[in-house]
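# Commentary on secondary and tertiary structure
Here are the chains, one letter per residue:
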Amino acid sequence: MTTKIRSAKQYRFKSFLGKAFLHGTLGLIGLLAVIPMILIVSVSFSNEIELAKNGYKLWPVGFTTFAYEYILQKPEQILRSYGVTFIVTAAGTALALLVSSLLAYAMSRKTFRHRNILSIYVFFTLLFSGGMVPSYILVTRYLGLKDNILALILPYTVIAWYVLILRTGFAQMPDEILDSARIDGAGEWRIFFQIALPLVKPVLAVIGLFYVLRYWNDWFLALLYIDDSKLYPLQYLLYVLMQNINTLAANPQTVNVPIPSQSARMAMAVLAFGPALFSFLLVQKYFVRGLTIGALKG
Amino acid sequence: MTSTQTHLLAENRKRPSLLMRIRNKLFGTGHSFRSTITLLTMALPGILFLFVFAYLPMIGLVIAFKDYRFADGLLGSQWVGLDNFNFLFGTDNTWRITRNTLMMNSLFIVSNTIGSLIIALMLNEVYRSWVSKFYQTMLFFPFFVSWVIVSFFVFGFLNANNGLMNQMLMAVGLDRVIWYRSPEFWPIILMLTNFWKGVGFGSIIYLAAIMAISPEYYEAAMIDGASKWRQIRSITLPLIRPTIIILVLLSIGHIFNADFGLFFFVPRNTPMLYSTTDVIDTFVYRSLIELGNISMAAAASFYQSMVGLIMVVLANWLVRRVDSSEALF
């Protein structure tokens, strides 16, 4: 009896040590995941002269909002880029969801004659792609979309991988509901909008989030197709400003002008990812759910 | 009605006009016909988008065999056979970008798989604790950050004058390093950056696989007095082995495609670092946009697409051998 109690106690102590180790390690790894962000935020609130003297710190040195004031003196470009990114994300996601889910719905219908060939048609694009060069020539020369906001939207409208996940969602709808709707005389369009879409709402939400993230974080299409600063999306503006602030700081003629080159650069980054970070915290759990759908059933 | 009459009627019904027969073959008859047409209409926008943005570029790969001139267009440009490839493979670039792409991607696969697995196993042990969600959120955060912003993060550490790394090096009495001029450090920097961004994603995938294991196995093992360590070794790892193998093989399938954002923004497109950071994708981009050498870009792009296809097919064949239900095709 006594030995049993002792071993239980020992066991509990051992398991406590184990748990402490686990929490310690995971906490540390979690911290490492967010430290770069903390560093950037702290630099953006730091005094430029202190930065030059002491380097970047994980806490603001000589707390000041001067970098933000400096950037926001001329907010036109930032607001414009926010606008571009916002329009591209909203319009792009709406269009992409509509087109992709229609395609996925057709692919999921077991009575559809051409579903197999359609699936192969979609699937093949995952295996093989023409790559950057033909796409560039197509969009700029043949579609004439250079410096057109559509170039930031249309290439991502149908992402085959997302279509396949949506198809899995539609395919899991119970047949009885669809059959009874058909017997009641509902056409495919009506079934799609009034029955199928509400049924796959969770999958739709997840794929919607994927599209939002893709459009919001995109710099690639702008890198290829946008030269006009009026159409810079946020991520691309950030890239351009990194280069430009660099050149300003390196230029000896501007030494007398107080340009907060270090802190302003980081403040720009904070302004760009701040709202995204906030929405990340809101939707994070849906994302986790979506990833598991995509990875295990896709 | 005699039997011949019935036979004739059936014969008549069986032999519609040729056009009707083609129609019926393609779209079915009666209600099925209407439904097929409607479903095709629904799928049409998606089909068109894929045709334009996925299939036309595949056809466009033929420019690798042409001397592309903007004014002449794709069809009007001269065929030059393998000239572009002779040019591409005649430079040292090809070897460099191939080596960097393969080496870095291999490093990424190994480091991220092992890291994600270990973190998933740890998260699984503390899953019921309330802080577990907190860890997951922190780990997952980098997944949402674009590579442009990641390049700012990395710059915060590696900036030669002010960066955190050099402060730490000097604090322990070492010399500072001008990171953006020292290509020898970049494989490890890129690996750590990629690890930082991808490990949250990877560990959540593995965690989902671990949680799908029936708890009965663990209950039985605990009754038999198996330690945690033993449970992990004898239950968890063998049961998620198919998931691990499949995910690894899929990444091997894409080993010829580098993550453009990582290799372009994080080293800040610094020529001095190209020897270790230049990969096929960044090389294609530079040839195309910065150098305007479309022919060389096209040849490199073609080379990548073809080897990429072979790798995917090969990886799929291997997946099929491991678990045919998980094969992509």
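Every chain is numbered independently, its residues counted from 1 as its sequence is written. Whichever chain is written first becomes A and whichever ligand is written first becomes 1, with later ones labelled in order. Per-residue local features are limited, in this predicted model, to residues with pLDDT of at least 70; the limit for side-chain atom pairs, both in listing and counting, is 80 or more; totals at the level of whole chains, interfaces and linings are taken over all residues. Values shown for side chains rest on all heavy atoms present in the structure; no hydrogens or waters enter the calculation.

### Some points on the overall build of chain B
Across its full length, chain B carries 16 helices and two strands. Here the globule rule reads 2.2 Å times residues to the power 0.38, and the radius of gyration is calculated from C-alpha atoms. Compactness check: chain B gives a C-alpha radius of gyration of 28 Å against a globular reference of 20 Å for 329 residues, more than 25% above the reference. Burial classes follow relative accessibility: with a 1.4 Å probe on protein chains only, a residue under 20% of its type's maximum area counts as buried, one over 50% as exposed, and anything between as partly exposed. In chain B, which comprises 329 residues, the share counted as buried stands at 52%. At a minimum sequence separation of 6, the contacts of chain B that also span at least 24 residues come to 62%. Accessible areas in this description were obtained via Shrake-Rupley with a 1.4 Å probe; residue shielding takes into account the shown protein chains only. Element-wise, carbon and sulfur atoms account for 66% of the exposed surface of chain B, whose accessible area totals about 16,400 Å². When charges are counted, neither His nor the chain ends are considered; positive counts come from Lys and Arg and negative counts from Asp and Glu. Where a charge lies is defined by one atom per residue type: Lys uses NZ, Arg uses CZ, Asp uses CG and Glu uses CD. Of the charged side chains in chain B, 24 are positive and 17 negative, and the gap between their average positions amounts to 10 Å. Going along the chain from the N terminus, every DSSP run of H or I of four or more residues is numbered as a helix, and every run of E of two or more is numbered as a strand. A contact between two residues is defined here by any heavy atoms of the two lying within 4.5 Å.

### With respect to the interface of chain B and chain A
If you look at the interface, chain B gives 97 residues, while chain A gives 95 residues. In short, buried area is how much 1.4 Å probe accessible area vanishes from two parts on joining, totalled over both. Roughly 8,500 Å² of surface becomes buried between chain B and chain A when both sides are summed, with 79% attributable to carbon and sulfur atoms. As a working rule, the residues Ala, Val, Leu, Ile, Met, Phe, Trp, Tyr, Cys and Pro are called nonpolar, Asp, Glu, Lys and Arg charged, and the rest polar, with Gly in that last group. Residues that form the side of chain B that touches chain A fall into these classes: 67 nonpolar, 25 polar and five charged.

### Considering the packing of aromatic side chains
Aromatic ring pairs are described here by two measures, namely the spacing of the ring centres and the angle between the planes. The pairing test for Phe, Tyr and Trp rings, Trp by its six-membered ring, is centres within 6.5 Å, and the orientation test on the planes gives stacked under 30 degrees, edge-to-face over 60, and tilted for anything in between. Under the counting rule described, the total for this entry stands at 44 aromatic pairs over all chains. Ring geometry for phenylalanine 65 of chain B and phenylalanine 302 of chain B: centres 5.1 Å apart, planes at 80°, overall edge-to-face. Taken together, the positions of phenylalanine 65 of chain B in the loop between α3 (30-60) and β1 (66-67) and phenylalanine 302 of chain B in helix α16 (residues 294-322) put the pair 237 residues apart, joining distant regions of the chain. Phenylalanine 302 of chain B sits in the buried class, given a relative accessible area of 16%. Here a set of aromatic residues connected by ring pairs shows up, and it is made of Trp219, Phe220, Tyr232, Tyr236 and Tyr239 of chain A together with Phe260, Phe264, Phe265 and Tyr285 of chain B. Whether a charge lies above a ring is judged from NZ of Lys or CZ of Arg, which has to be within 6 Å of the ring centre and within 35 degrees of the ring normal. Stacked on the ring of tryptophan 147 of chain B, the Lys or Arg lysine 197 of chain B has its end atom at 4.9 Å from the ring centre.

### Describing the domain arrangement of chain B
Residue and element names in this part refer to chain B. These domain limits were set by an automatic method or by a database of domain assignments. Taken domain by domain, chain B holds domain 1 (18-79) and domain 2 (94-326). Contact residues are listed per partner, giving seven residues for domain 1 and six residues for domain 2. Taking both sides of the interface into account, the surface hidden between domain 1 and domain 2 amounts to around 550 Å²; carbon and sulfur atoms contribute 79%. Of all residues in domain 1, Leu61, Ala64 and Tyr68 give up the largest surface area on contact with domain 2, accounting jointly for 66% of the area buried on that side. Between Lys or Arg on one side and Asp or Glu on the other, a salt bridge is scored when a side-chain nitrogen of the former is within 4 Å of a carboxyl oxygen of the latter. Viewed at the interface, domain 2 and domain 1 are joined by zero salt bridges. Any N or O atom pair separated by 3.5 Å or less is treated as a polar contact, with the protein-specific requirement of one donor-capable and one acceptor-capable atom, and with residues adjacent in sequence counted only for side-chain atom pairs. One can count zero residue pairs in polar contact (both at pLDDT 80 or more) joining domain 1 with domain 2. Its residues assigned to classes, the side of domain 1 that touches domain 2 shows five nonpolar, no polar and two charged.

### What to know about unusual backbone geometry
One non-glycine residue, aspartate 147 of chain A, lies in positive phi territory at about 55°. One non-glycine residue, arginine 268 of chain B, lies in positive phi territory at about 55°. Mapped onto the fold, arginine 268 of chain B is located in the loop between α13 (260-265) and α14 (274-277).

### Thoughts on the pattern of salt bridges
Side chains that carry opposite charge are capable of pairing whenever their charged atoms lie near each other. Counting across every chain of the model gives eight salt bridges over all chains. Among the salt bridges present, the one from arginine 109 of chain A reaches glutamate 188 of chain A, with a minimum N-O distance of 3.5 Å. Here arginine 109 of chain A, found in the loop between α4 (76-108) and α5 (115-127), pairs with glutamate 188 of chain A, found in helix α9 (residues 188-199); they are 79 residues apart in sequence, far enough to count as distant. The exposure class of arginine 109 of chain A is buried, given its relative accessible area of 5%. The partner of arginine 69 of chain B in a salt bridge is aspartate 67 of chain B, with the nearest N and O atoms 2.9 Å apart.

### Overview of the packing of α4 of chain A against α5 of chain A
Residue and element names in this part refer to chain A. Between the N-to-C directions of two axes lies an angle of 0 to 180 degrees, each axis being a line fitted to C-alpha atoms and, for a helix, fitted only over the stretch in contact. As a packed pair, α4 and α5 sit with axes 8 Å apart at the nearest point and diverge in direction by 135°. Looking at the two axes, α4 sits oblique to α5. Facing Leu103, Ala106, Met107 and Ser108 of α4, the residues of α5 in contact are Arg115, Leu118, Ser119 and Val122. Tallied by class, residues from the contact of α4 with α5 come to five nonpolar, two polar and one charged. To sort the angles, those under 35 degrees are grouped as roughly parallel, those over 145 as roughly antiparallel, those from 65 to 115 as roughly perpendicular, and the leftovers as oblique.

### Quick word on helix α12 (residues 228-253) of chain B
The sharpest bend along α12 of chain B measures roughly 50° and falls at arginine 241 of chain B, with the proline proline 242 of chain B sitting one to four residues further on. Taken together, the buried positions of α12 of chain B are occupied by Gln231, Ile232, Ile235, Thr236, Ile240, Thr243, Ile244, Ile246, Leu249 and Gly253 of chain B. What is called the bend at a residue is the angle between a pair of axes, fitted to the seven residues leading up to and ending at it and to the seven starting from it.

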